[in-house]
Amino acid sequence: EPEVTQTPSHQVTQMGQEVILRCVPISNHLYFYWYRQILGQKVEFLVSFYNNEISEKSEIFDDQFSVERPDGSNFTLKIRSTKLEDSAMYFCASRTEETQYFGPGTRLLVL
Amino acid sequence: GNSVTQMEGPVTLSEEAFLTINCTYTATGYPSLFWYVQYPGEGLQLLLKATKADDKGSNKGFEATYRKETTSFHLEKGSVQVSDSAVYFCALWNQAGTALIFGKGTTLSVSS
């Protein structure tokens, strides 16, 4: 069964450094998403992406964040200058009709 | 806007006990409703869904019925197993249908 994949599974970085989180959505899906989950808290929407552009973003998704689909398969989330509070699990998702399918997540730790 | 409220956890049960995790929602219209499960150390997996009122979603022995009258989508299982220990999230689409809104999650711990 097709699934969303994410790399890396874990990333540790220093505050102020740039990180890129990678995702490969399910191949015939057209809508892509990033969510995050701070430890012990609820899953929060960050951004949605369709037709090579952002279709919606939340208040969390400020200028430090960007997304890109650099080729036909990858979907990336970049955090330009990480802060301590960016430490979280980041989930990529892709959508078909009524259902979103999530990847296993990347656990980001900012020191 | 749309929102979802889940019962606070943790829920601790013995194997073969009956499980109910409450979820109520507030929504404009009748968006699809979902239960996702997160096993320890893993990502979010779709457990079941219901797309319209009175629909019952079911999977792996879990069930939830989309109740318009009570704006609820409670998750139930007749006999839980240790392997069901996980965090369960109720979710629905936002008003625009462009992103999922999740509840805070309910941790279920099942002991043998």
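To keep things clear, this report deals only with the structure shown in the data block.

What counts as what
- Chains are numbered independently. Their residues run from 1 in the order of the written sequence.
- Chain labels run from A onward and ligand labels from 1 onward, assigned in the order the entries are written.
- Whole-chain, interface and lining totals are the exception, using all residues; otherwise, since this is a predicted model, local features are given only for residues with pLDDT of at least 70 and side-chain atom pairs are given and counted only at 80 or more.
- Remark: hydrogens and water are excluded; side-chain values derive from all non-hydrogen atoms of the structure.
- Between any two strands, at least two bridges found by DSSP are needed for them to pair.
- Elements are defined by DSSP. Helices are runs of H or I of four residues or more, strands are runs of E of two residues or more, and each kind is numbered from the N terminus.
- Under this scheme, a helix contributes an axis fitted over its contacting stretch, all axes are lines through C-alpha atoms, and angles between N-to-C directions fall in the 0 to 180 degree range.
- Every residue pair with non-hydrogen atoms within 4.5 Å of one another is taken to be in contact.
- The term buried area refers to how much accessible surface (probe radius 1.4 Å) is lost by two components on association, counted for both of them together.
- Put simply, a salt bridge is a Lys or Arg side-chain nitrogen that is within 4 Å of an Asp or Glu carboxyl oxygen.
- Polar contacts here mean pairs of N or O atoms no more than 3.5 Å apart (in protein, one a potential hydrogen donor and the other a potential acceptor; neighbouring residues in sequence count only if both atoms are side-chain atoms).
- When a residue's accessible area, from a 1.4 Å probe over protein chains only, is under 20% of the maximum for its type it is buried; when over 50% it is exposed; and in between it is partly exposed.

What about the sheet that holds strand β9 (residues 75–77) of chain B?
Residues and elements named next belong to chain B.
Reasoning step 1: Strand order in the open sheet made by the 4 strands is β3-β9-β8-β7, with antiparallel pairing throughout. Of all strands in the sheet, those bounded by a partner on one side alone are β3 (19–21) and β7 (56–59). Looking at each pair of strands side by side, their axes are set apart by 20° on average, direction ignored.
Reasoning step 2: Pairing analysis gives 3 bridges linking strand β8 (residues 62–65) to β9, with the strands arranged antiparallel. Bridged to F62 within β9 is K77.

Here we look at the interface of chain B and chain A
You'll often see interface size given as the accessible area lost when the parts meet.
Reasoning step 1: Contacts between the two partners involve 20 residues from chain B, matched on the other side by 17 residues from chain A.
Reasoning step 2: Approximately 1500 Å² of surface area, both sides summed, lies buried where chain B meets chain A, with 54% of it carried by carbon and sulfur atoms.
Reasoning step 3: Looking at the side of chain B facing chain A, the largest losses of area belong to L44, W93 and F102 of chain B, adding up to 32% of the total buried there.
Reasoning step 4: Connecting chain B to chain A are 0 salt bridges.
Reasoning step 5: Viewed at the interface, chain A and chain B are joined by 7 residue pairs in polar contact (both at pLDDT 80 or more).
Reasoning step 6: For the side of chain B that touches chain A, the secondary-structure elements that each account for two or more residues are β5 (33–38), β6 (44–50), β10 (86–93) and β11 (100–102) of chain B.

Things to note about the pattern of salt bridges
Residues and elements named next belong to chain B.
Reasoning step 1: For the structure on display, the rule yields 4 salt bridges over all chains.
Reasoning step 2: Residue K52 is joined to D55 by a salt bridge in which the shortest nitrogen-to-oxygen separation is 3.4 Å.
Reasoning step 3: The partner of E63 in a salt bridge is K56, with the nearest N and O atoms 3.6 Å apart.
Reasoning step 4: Overall, E63 belongs to the partly exposed group, its relative accessible area being 35%.

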